[in-house]
Every structure is written in structure tokens, then in C-alpha cells.
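Structural overview for review
Below, each chain spelled out in residue letters.
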Amino acid sequence: MSEKDLLYNTILARSFSKNEQKRLGYGAFIASLFFVFTLCTFFKPYLSPLPIVESQLSVDVGLRMLRISETHKPKALSSSNYTTFQNNITSNTTNTQRLNDTSLPKNHSDSFNRTTPTLISKEQVISDGNKMEETVKCKKQSRTEVCELNGDVRVHGKSATILTAITSAFSGNTTWQMRPYARKRDPGAMNNVREWTVKLDKNAERLENANFSRCVTNHSVPAIVFSLGGYSMNNFHAFADIVVPLFTTARRFNGEVQFLVTNKNQAWINKFKEILRSLSNYDLIHIDDEDETHCFTTVIVGLKIHPEYFRELTIDSSFSEYSMSDFRRFLRDAYSLRNAAVDLRRRRPRIMILSRAGSRAFTNADEIASAAGETGFEVVVAEASTGLARFAETVNSCDVMLGVHGAGLTNMVFLPENAVVVQILPIGGFEWLAETDFGRPAKGMNLRYLEYKIAAEESSLVRKYGRDHEIVRDPSAVIKRGWMAFKSTYLVQNVTVDINRFKPVLGKAFELLQTQSM
């Protein structure tokens, strides 16, 4: 120990006891920490040019520098409150067992038995200042990715590239990939969706020297890039993945928007031409075929959809300026449908029995029709194979829609308000699918919902395999093998409805309509 140290210790010993020396040391240490913290706080704005990053979740490989903030919740334009009804009808004689492990995320083999889906409802935007946020706004959710690009935006279809000029320095990655289809966690769908590259470039002059030429066509209206790939030819997915999201994305432009379609699908375009014409005043562009550069001041890549993954056929006004009531009103206008709500003052209630040519068909539709007639209904038996406009008109003329679980039930979007949807559940643990695809959406459309779970004896699988076969006796064992096992087994059965078991359902549907008309 040095002489200096001995002198220092001697002075302390004369002035303070050992315990007091320790307390003094602790106090000095705490004071030093407080002093350092004060310095860091005061000089923090000068230590780094980067903004605060609350969290990092990449939209793709390119979008790594993002600021995470809670999703903006605009006030809804329409705030009507509706009373919904849920009626689950089963027979008093024979009840099918409800399986607790039959949560079936359709087309999601990676989460087959998931009952509580992961929720990602964060808004992510480029984080290098307010000017950048005005230029590029990207949102990543559990089901979709949407980017709004503003300023000098150039689209080249042949190379699937979108270039955006930025006016300020940007420290993050400036290139990322997107597939503009609203079911991003489903490989089966996304494998059929073309990948697009979005690039940011600070030097506007370099855009002229990129891999494609100067602007050939300049557009005076915004553009929306979306895909007609995925599962677009399935009627349910056509509405859930494209039509409803397209409405929520494009409606605010009042027709002054240009559609840029990737994954050309002329059959889809022909089927939904009334909807496309009602949302855009311009002929759509099959952008994949375009070798010339189209230039816009605003381009939206992808479609907006409900932030929760398993909320099908739903528009939540907490996250959108529109609602499902707005969407259904839009459909009535697009297809010139007359009936906004059920009105039975001068006629008998009308029931539509959905027939199917393939699997999950009624094998005794005539008996069902007869029973419905005896209940008091006027009966229509129809298959959704005609043109959509004509079929929409037929659906809108009915007060009840009855069908086995399948894409045909999606046409309930054309029913008048306060109508009744009756879904027939085959054996195999369809409860999760039934509620997710049609049960919950029906209630959100101001429709009344009933479901009928068939007994094993009403399924064609009993005749094929026998009552004691695992497929009939223990569907949960099959479900554990994955979506493909479920699909190949339970989506191919037909239904022979036990009329005596089913009559109470018809009676309940009739009663709900009579109550509404009073």
C-alpha cells in the first residue's frame, strides 16, 4: 500500500467509523451512477442519429429496419349495432359426440390442431423520419402484408418489380419481396402467387437507368396490385381472400383506382366482373404481361384484411372504415338485388336447399324439400353452378339457405338481412370449420344461424366402412394425421338426412322468420 493510501485511510479512520465508511462508499457509488445516467439522458439526442426502435419484426428479408406501433383504429363510418342469434340444433334422440381436439385450421398443415391462433396485429412502417413514413407505409399482419408507396412509383410487370423514389436518406434495407395474396401462412396458396420485388431508391435519376425504361404510361389515379392465384377458384376463398379484402382496400377511392392483376385468371374475372366494375372505373391491367413501365403517384401492394388469421368473411369496423353491412350493401348495388331485409307480409317464407354435384351432397334432397314444404316453406333447390349474378338474385329472393358445409354456403352474402342460414355438419369433427367459415361470419352479417350435426348413420361413410371402423368411431385419430388425411376422408362423404331428426331444425328456422315479421 502506498504512502498516499495510508494517509487517506488515516484521515477516514479519524473522521468516521468502519460502518460509516462503508455507508459513505455506497452513497458515493449511487451518486456516481445517478450522475452518469443524467449525462446519458441529456446527451442522448446527440449520441446517435437513429430513431428509437421499439421492436423489430421483418415483413420479409428486406424490411429489417421497422418501427412497431399499434394498429391504427379509425372510427367506423357505420356504427349500427345488430342483435345476432346463435342456435345450435341437435336431435333429442341421438347426439353426435363433440370432439375437443378437432380444431381444424383449413389448409394450414403446420398448425393443424391449433385452437388459439397466433395474433399479429402490429403496424410496421419504415422508420427513418416522417417524410419516409409519408412515402412508404408497410403493414405486416398474421395473414397479409400491405405496402402503400407514394411519390414517384414505377411498376414493371415482366420483371415483377416496383421502384419507388425516396427523398431522404434511409439506413435500412431498401429491397424486399411480397406476394400480394391474403393467406400468407398457407404454403399451398402462396406457392401459386407470384413474388414481387419492391425497391426504394434515393436517386430518382437512377430509376431511369434501371433494368426497365422510362415511364411509358403515366396514370392519374392510384393503383392496387393483387393476385388471382392462391385458392381463388374456390368460391369461399374467392370471397374470403380476394373480394372482401379488395372491397376494404379499394372502396375509399370511389372507383378512381386502377387494378393491376398478377397471376392472370380470366375465369375469375368473368365470374366477378360486376364487383370489379363497381370498385374501379378502369379496365384492369394484367400487369404480368406488361413490358412497358407504368407510373403512378400511389401504389398499394396487397389487400387489407381482418388482422386475426382465422376471422373469415369478416370486416371489423375497429380496424376498417367499413363493415360487413357496408359490404353487403355494396353487393346489393353491384348486382341490383332488391331485398335488403326479410319481409314476409305478403308471402310464404322461401327456403333454398343447396345441392352439390360432387361430395357432401344430399342423397335425399327430395325428402328434405317435402319436409320443408310441410313446415310451411316455399322450396327452391339450386346448385351454385349458374352465373354468379343470376345465382345472387335467386339467393336474395330466399329467406333461408340450407346446405352441407362447403363453399356454396359462401353465397349467404347475398341473403337479405335477418335471413336464416342452416349449416349441416358431416361427421368428422367439423365444428371448428363450421363456426370459423360460416357460423361466426353469418352472425356478423346480421343473419340468424342454425347448425345440424348429423349422426353417424346419416353419413355415407358408415355404409362404406361400417359403424365400428375408426373413421366413423374415432374421427380424432384421423384428424391427428393432418389436414390431408382429414380432407381425403371426411370431405368426400355424402349425407342422407334423417327427416325425423331434422324436422325440429326446419321448425326453428320457420319460427325465427315469423318472430322477425311480427
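To keep things clear, this report deals only with the structure shown in the data block. It should be emphasised that the depicted structure is a prediction, and the values quoted were computed from it without experimental measurement.

How each quantity is defined
- Residues numbered from 1 in each chain as written.
- Predicted model: local features only at pLDDT ≥ 70, side-chain atom pairs only at ≥ 80, totals over all residues.
- Heavy atoms only, no water.
- Salt bridge = Lys/Arg side-chain N within 4 Å of Asp/Glu carboxyl O.
- Helix = DSSP H or I, 4+ residues; strand = E, 2+ residues; numbered from the N terminus.
- Buried < 20%, exposed > 50% of the residue type's maximum accessible area, 1.4 Å probe, protein only.
- Phe/Tyr/Trp six-rings, centres within 6.5 Å; stacked < 30°, edge-to-face > 60°.
- Lys NZ or Arg CZ within 6 Å of the ring centre and 35° of its normal.
- Disulfide = S-S within 2.5 Å.

**Quick word on the pattern of salt bridges**
Going through the model one piece at a time under the given rule, you end up with 22 salt bridges. Notably, a salt bridge pairs Glu 458 with Arg 501, separated by 2.3 Å at the nearest N-O pair. Of this pair, Glu 458 sits in the loop between β18 (448-453) and α13 (460-465) while Arg 501 sits in helix α17 (residues 499-517); the two residues are 43 residues apart in sequence, bridging distant segments of the chain. By the burial criterion, Glu 458 is buried, and Arg 501 matches it. Salt bridges sharing common partners tie together Arg 143, Arg 183, Asp 241 and Glu 312.

**With respect to the packing of aromatic side chains**
Enumeration according to the criterion identifies 17 aromatic pairs in this entry. Here Phe 239 and Phe 272 contribute two aromatic rings whose centre-to-centre distance is 5.4 Å and whose plane-to-plane angle is 80 degrees, an arrangement assigned as edge-to-face. Residue Phe 239 is found in helix α6 (residues 235-250), and its partner Phe 272 is found in the loop between α7 (266-271) and α8 (273-279); the two are separated by 33 residues along the sequence. Side by side, Phe 239 and Phe 272 carry an identical accessibility label, which is buried. A ring pair is formed by Phe 247 and Phe 327, whose centres lie 5.4 Å apart and whose planes are at 70 degrees; its orientation type is edge-to-face. Taken as a pair, Phe 247 in helix α6 and Phe 327 in helix α9 (residues 324-334) lie far apart in primary sequence, 80 residues in all. Pairwise contacts between aromatic rings join Phe 239, Trp 268, Phe 272, Tyr 335 and Phe 414 into one cluster. The side chain of Arg 185 reaches across the aromatic face of Tyr 309, ending 4.2 Å from its centre. The cationic tip of Arg 194 hangs over the ring face of Trp 196; the distance from NZ or CZ to the ring centre is 5.5 Å.

**Looking at the state of the cysteines**
This model, assessed by the stated rule, comprises two disulfides. The disulfide bridge from Cys 138 ends at Cys 147, spanning 2.0 Å between sulfur atoms. Here the disulfide of Cys 138 and Cys 147 is right-handed, its torsion about the S-S bond being about 115 degrees. Assigned by exposure class, Cys 138 and Cys 147 land together as buried. The disulfide that involves Cys 215 links it to Cys 295, with 1.8 Å between the sulfurs. The sign of the S-S torsion, about -95 degrees, decides the handedness of the disulfide formed by Cys 215 and Cys 295: left-handed. Remark: Cys 295 occurs in strand β13 (residues 293-301) and Cys 215 occurs in strand β9 (residues 215-218); sequence separation between them is 80 residues. With relative accessibility at 26%, the residue Cys 215 sits in the partly exposed group. Judged by its relative accessible area of 4%, Cys 295 is buried. Taking only the cysteines that form disulfides and numbering them from first to last, the protein chain has the pattern 1-2, 3-4.

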